[in-house]
Amino acid sequence: MFDFFKEGLIQFFGYSGFGNCTWGHIIMICVGLFFITLGVVKEFEPMLLVPIGFGMIIGNIPFTDGLQIGVYENGAVLNYLYFGVIKGFYPPLIFLGIGAMTDFSALISNPKLILVGAAAQFGIFAAYATSLLLGFTPMEAGAIGIIGGADGPTAIFLSSKLAPSLMGAIAVSAYSYMALVPVIQPPIMRLFTNEKERVIRMRPPRAVTHREKVLFPLFCILLTAFLVPSGIPLLGMLFFGNLLKECGVTKRLANTASGPLIDIVTILIGLTVGASTQATNFLTPKSILIFVLGAFSFVVATATGVLFVKFLNLFLKEGNKINPLIGNAGVSAVPDAARVSYVEGMKYDKTNYLLMHAMGPNVAGVIGSAVAAGILLSFLY
Amino acid sequence: MKSISKYIILLALVLTSGAVFGQSVRDLRFNEILIKNTDNFDDEYGRHVPWVEIFNTAYNNVNMAGCYLTDDTTGFAAAGKKGGEIPEHWYRIPKTDVKTNMPQRSYLVFYLDAEPLYGTFHTNFDPRTSETDYLALISADGKDLIDILHYPKEALMESTVSYGLEKDGITGNAMFLHQFTPGSSNEVKATVSKQERLKRDDPYGIGLAIISMSVVFTALILIYLMLKLFGYSSKKIAQRNAQKAAAAAAIPTAAADASKQEDLPEQLTGEEAAAIAMALHLHFNSMHDEESEIITIDMPSAHYSPWAQKELIMKRAPRIRK
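If you're wondering where the values come from, they're calculated on a predicted model, not measured in any experiment. (Residues numbered from 1 in each chain as written. Chains lettered and ligands numbered in written order. Predicted model: local features only at pLDDT ≥ 70, side-chain atom pairs only at ≥ 80, totals over all residues. Heavy atoms only, no water.)

## Some points on the overall build of chain B
Working step 1: When its secondary structure is counted, chain B shows eight helices and 11 strands.
Working step 2: Taking as baseline every contact in chain B between residues at least 6 positions apart, the subset at least 24 positions apart corresponds to 60%. (Helix = DSSP H or I, 4+ residues; strand = E, 2+ residues; numbered from the N terminus. Contact = heavy atoms within 4.5 Å.)

## Let's talk about the overall build of chain A
Working step 1: Within chain A, the regular secondary structure consists of 21 helices and zero strands.
Working step 2: A separation threshold of at least 6 residues defines the contact pool for chain A, and within that pool the share at least 24 residues apart is 76%.
Working step 3: By element, 71% of the accessible surface of chain A is carried by carbon and sulfur atoms, the whole surface being about 15100 Å². (Areas by Shrake-Rupley, 256 points an atom, 1.4 Å probe, with all protein chains shown as cover.)

## Topic: the nonpolar core
Working step 1: Of all hydrophobic cores here, the largest spans 127 residues; its most connected members are L107(A), F216(A), I367(A) and I223(B).
Working step 2: Considering each element in turn, this core owes the most residues, 16 residues, to helix α21 (residues 355–380) of chain A.
Working step 3: Setting aside residues up to four positions removed in sequence, F216(A) forms contacts with F104(A), L107(A), I108(A), F239(A), N242(A), I367(A), I223(B), M226(B), L227(B) and F230(B).
Working step 4: Of all hydrophobic cores here, the second largest spans 33 residues; its members include V49(B), V52(B), V62(B) and C67(B). (Core = buried A, V, L, I, M, F, W, Y, C linked by side-chain atoms within 4.5 Å. Buried < 20%, exposed > 50% of the residue type's maximum accessible area, 1.4 Å probe, protein only.)

## Remarks on the interface of chain A and chain B
Working step 1: At the interface, 60 residues of chain A touch 46 residues of chain B.
Working step 2: Across the chain A to chain B interface the summed buried area is about 4900 Å²; carbon plus sulfur atoms make up 77%.
Working step 3: Interface area lost by chain A to chain B is led by L223(A), R339(A) and Y353(A), which between them contribute 13%.
Working step 4: On inspection of chain A and its partner chain B, the count reaches zero salt bridges.
Working step 5: Counting across the chain A and chain B interface gives one residue pair in polar contact (both at pLDDT 80 or more). (Buried area = accessible area lost by both parts, 1.4 Å probe. Salt bridge = Lys/Arg side-chain N within 4 Å of Asp/Glu carboxyl O. Polar contact = N/O pair within 3.5 Å; in protein donor to acceptor, adjacent residues only side chain to side chain.)

## Notes on the packing of helix α6 (residues 90–101) of chain A against helix α16 (residues 232–247) of chain A
Residues and elements named next belong to chain A.
Working step 1: Packing of α6 against α16 brings their axes to within 6 Å, and their N-to-C directions diverge by 30°. Considering the relative orientation of α6 and α16, their crossing is right-handed. Contacts between α6 and α16 involve P91, P92, L93, F95, L96, I98, G99, A100 and M101 from the first element and P233, L234, M237, L238, F240, G241, N242 and K245 from the second.
Working step 2: Looking at the contact of α6 with α16, its residues break down into 13 nonpolar, three polar and one charged. (Axes fitted to C-alpha atoms, helices over the stretch in contact; angles between N-to-C directions. Left-handed = near helix turned anticlockwise from the far one by under 90°. Nonpolar A, V, L, I, M, F, W, Y, C, P; charged D, E, K, R; others polar.)

## Remarks on a nonpolar patch on the surface
Working step 1: On the surface, a cluster of nonpolar side chains totalling about 420 Å² of accessible area is made up of W23(A), I26(A), I27(A) and L283(A).
Working step 2: Here I27(A) is to be found in helix α3 (residues 23–40). (Patch = residues over 30% accessible without salt bridge, like charges linked within 9 Å, V, L, I, M, F, W, Y side chains within 5 Å.)

## Some remarks on the pattern of salt bridges
Working step 1: One pass over the full model with this rule turns up 13 salt bridges over all chains.
Working step 2: The salt bridge involving R47(B) is made with D43(B); its shortest N-O contact spans 2.8 Å.
Working step 3: Of the residues examined, R47(B) reaches a relative accessible area of 24% and is grouped as partly exposed.
Working step 4: Across the pair R200(B) and D201(B) runs a salt bridge whose closest N-O atoms are separated by 3.1 Å.
Working step 5: Residue classification places D201(B) among the exposed positions, given a relative accessible area of 52%.
Working step 6: Several salt bridges share partner residues, and in doing so they unite R190(A), E344(A) and K347(A) into one network.

## Brief notes about unusual backbone geometry
All names here are of chain B.
Working step 1: Not every positive phi belongs to a glycine, and R105 is a case in point at roughly 50°.
Working step 2: A positive phi is found at A114, a non-glycine position, where the angle reads about 55°.
Working step 3: Relative to the helices and strands, A114 is located in the loop between β7 (107–111) and β8 (134–138).

## Some words on the packing of helix α11 (residues 152–162) of chain A against helix α12 (residues 167–179) of chain A
Residue and element names in this part refer to chain A.
Working step 1: Closest axis-to-axis distance for the α11/α12 pair is 9 Å, and the angle between their directions is 165°. The angle between the axes of α11 and α12 places the two elements in the roughly antiparallel class. Seen along the crossing, α11 lies across α12 with a hand that is right-handed. From α11, G152, P153, A155, I156, S159 and S160 reach across to α12, where they touch M167, I170, A171, A174, Y175 and M178.
Working step 2: Residue composition of the contact of α11 with α12, grouped by class: nine nonpolar, three polar and no charged. (Parallel < 35°, antiparallel > 145°, perpendicular 65-115°, else oblique.)

## So, the packing of aromatic side chains
Each aromatic ring pair is specified by the distance between its two centres and by the angle formed by the two planes.
Residue and element names in this part refer to chain A.
Working step 1: For the structure on display, the rule yields 23 aromatic pairs over all chains.
Working step 2: On the basis of an interplanar angle of 65° and a centroid distance of 5.8 Å, the ring pair of F4 and F5 is categorised as edge-to-face.
Working step 3: Among the aromatic side chains, those forming a connected cluster through ring pairs are Y177, F282, F291 and F298. (Phe/Tyr/Trp six-rings, centres within 6.5 Å; stacked < 30°, edge-to-face > 60°.)

## Notes on the confidence of the model for chain B
Residue and element names in this part refer to chain B.
Working step 1: Within chain B, residue pLDDT values average 79, and 75% of them lie at 70 or more.
Working step 2: Note on residues 17–22: pLDDT is under 50 here. Beyond four places in sequence and across chains, it has four contacts.
Working step 3: Note on the complex model: pTM 0.66, ipTM 0.86. (pLDDT = per-residue confidence, 0-100.)

## Quick look at the pairing of β8(B)
Residue and element names in this part refer to chain B.
Working step 1: Most of β8 is tucked away, with five of its five residues classed as buried.
Working step 2: Of the two faces of β8, the one carrying Y134, A136 and I138 and the one carrying L135 and L137 are both buried.
Working step 3: Where β8 folds back onto strand β9 (residues 145–150) in an antiparallel hairpin, the turn is made up of six residues, including G142, whose phi is positive at roughly 75°. (Pairing = 2+ DSSP bridges.)

## What about the side chain of T272(A)?
Residue and element names in this part refer to chain A.
Working step 1: Tracing the backbone through its elements, the reader meets T272 in helix α17 (residues 251–275).
Working step 2: Reaching out from T272, the side chain makes a polar contact with the backbone oxygen of L268 at a distance of 2.6 Å.
Working step 3: Polar side-chain contacts of T272 include one of 3.4 Å to the backbone oxygen of I269.
Working step 4: When near neighbours in sequence (up to four residues on either side) are disregarded, T272 contacts V71, L78, L81, Y82, V85 and Y90.

## Examining the pairing of strand β1 (residues 28–34) of chain B
Residues and elements named next belong to chain B.
Working step 1: Extensive coverage of β1 is indicated by the burial of six of its seven residues.
Working step 2: Pairing between β1 and strand β2 (residues 51–56): six bridges, direction antiparallel. Bridging from a neighbouring strand, E32 pairs with E53 of β2.
Working step 3: Bridge count between β1 and strand β10 (residues 163–165): two bridges; the pairing is antiparallel. Following the sheet pairing, E32 is matched in β10 by G164.

## Some words on the sheet that holds strand β5 (residues 91–92) of chain B
Strands pair in a sheet through their backbones, by hydrogen bonds, and they do so in one of two ways: parallel or antiparallel.
Residues and elements named next belong to chain B.
Working step 1: The strand order across the open sheet built from four strands is β5-β4-β8-β9, with neighbouring strands paired in antiparallel fashion. This sheet does not close on itself; its edge strands, each paired only once, are β5 and β9.
Working step 2: Note: strand β4 (residues 68–70) against β5, two bridges, orientation antiparallel. Considered in β5, the bridge of L69 is made with Y91.

Now the structure itself:
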């Protein structure tokens with residue numbers, strides 16, 4: 001009788017998390033807790049870091065294989081939810097929501113700001129070239145490079161196609177740096193600007209008509225999708241969402257896309273991407289390299305955005321000049337990068353409101369990173 | 001507005017003309033032919049018959065439905081003229097089969113067995129019984145000779161060997177091929193994956209970076225130009241509306257002018273406007289049971305602008321402890 005209980009307990013212990021636990025699991029659970037802490041206490045991108053952090057915890061609770069529990073096990077509930085990440089259909093749905101909540105009027109009123117969004121994409125290709133030097137394959141390098149676009153859904157979309165094995169590390173890296181935008185960008189912005197440049201006042205933009213707002217997504221999808229058809233899943237949904245918002249007759253659809261739908265998909269994508277970071281797959285030297293390269297691409301993207309504004313200013317007349325502090329917003333972390341511009345600008349001139357000016361390059365960054373992803377896909381996939 | 005319309009039409013024409021030329025059947029080439037087929041590629045009925053492979057050299061889909069395949073171009077000159085009839089011995093590729101829409105850089109095999117009733121890809125002629133030593137691909141209107149392949153007929157009739165282009169789609173280098181590759185590239189030995197080619201040709205990623213950044217800039221510059229056009233047309237429309245309004249304002253009668261002057265004070269202060277707005281709000285929302293006689297207007301201490309107001313609707317910035 002005693003032996004029966006003893007054996008049962010040993011068997012139960014073998015099935016429990018304690019019996020299968022490794023240092024890797026503990027480290028990853030700690031990382032998950034750290035993410036949740038960052039989200040809750042520091043309020044760094046809580047909508048993303050809390051689901052990802054919790055996903056990391058549930059993805060790293062050790063279990064015995066074959067019970068259809070884990071995210072990588074066929075038939076498991078988490079595996080079904082993860083399907084949207086593997087097949088890349090969550091990111092376009094998120095883009096639909098982003099389109100439905102984004103106001104492009106800052107960009108429409110001052111079109112030259114869109115070029116800043118293009119320049120900031122250089123971070124992607126700098127990281128791509130560096131990844132190649134470090135021994136990654138071209139497909140892996142492309143997936144790593146997109147972290148510099150500062151766009152989580154785009155990073156997931158591209159890595160699911162080009163390097164599925166690195167997707168967890170890339171997604172976590174992208175979202176982590178997006179959350180850390182207020183920490184990473186200001187020192188670089190200050191490094192490349194002087195006191196005089198930081199207080200440049202930009203001309204108030206003109207009023208944008210309803211007709212322009214409606215035509216914008218239609219023309220943009222035609223121009224960009226014809227040029228880079230591989231970007232259609234992201235660009236198509238982005239501009240479709242924006243059309244729903246701006247046309248004025250599909251308010252319910254726009255509300256759904258920018259509210260419940262994007263919330264549901266954010267929950268699913270955050271949780272499953274977090275759960276995909278199982279210690280056995282995630283804790284590798286490659287993941288550490290990816291984090292380093294991700295930081296590098298963010299730094300380069302920010303620097304090129306700021307420097308490009310300074311370059312543009314060489315050709316602009318006094319009164320039309322752009323404040324280089326909005327150059328960082330060329331990355332597509334919306335609206336955090338724009339807010340960083342605003343906060344930095346306020347430090348040097350309490351009456352210089354850069355927020356809506358920075359929204360121009362910021363939304364251009366969304367378009368630019370989606371176009372860049374499409375190009376990488378067409379070259380590498 | 002007329003000039004803007006011109007630009008829009010011009011832009012549309014440039015874009016669509018690119019698309020039209022891009023998707024032309026002129027990009028199709030004969031790539032490989034086998035006549036003596038004893039134990040090689042078989043058709044869907046299991047028969048070993050002569051075949052020819054066509055290659056789409058374009059980087060976009062090309063639909064070859066309606067085009068003609070033939071081993072005898074007799075009547076080509078007449079067919080090309082206005083009202084000319086298409087010769088009956090030309091094999092017309094049916095329009096009803098979706099498989100005739102060739103994806104970019106793809107291959108399509110036709111069986112040269114003189115059995116057109118066997119399916120879309122079975123021609124009405126057989127090179128083994130024909131007197132000519134060439135195959136021709138002719139456009140749907142019978143006017144253009146898209147491609148012609150002359151082959152060494154005697155050699156191909158006697159030995160089981162295929163004849164085709166050394167490099168896919170590049171004419172002028174036809175030769176006997178070492179391997180049969182129906183439906184795939186003739187460049188068997190040189191075939192490398194995209195990744196390998198990129199590693200070999202662009203080991204540091206500089207080429208890809210330059211091309212990609214150029215495309216990103218091109219895409220966004222196109223949007224920039226479009227937005228400039230938007231701005232220009234909006235300005236014009238606003239000017240036109242202002243002119244209309246000015247013209248309408250020039251007509252009013254003296255009576256209307258007088259009533260206007262009586263009704264409206266010369267200029268409202270901000271406080272007065274706020275008080276009126278609040279009174280109207282209370283009135284229309286039935287919230288005026290007990291009206292206070294004092295309105296306190298809280299003036300913002302900081303400089304205020306519509307741009308600053310946007311900040312209020314955004315989520316709180318993260319707190320960074322220094």
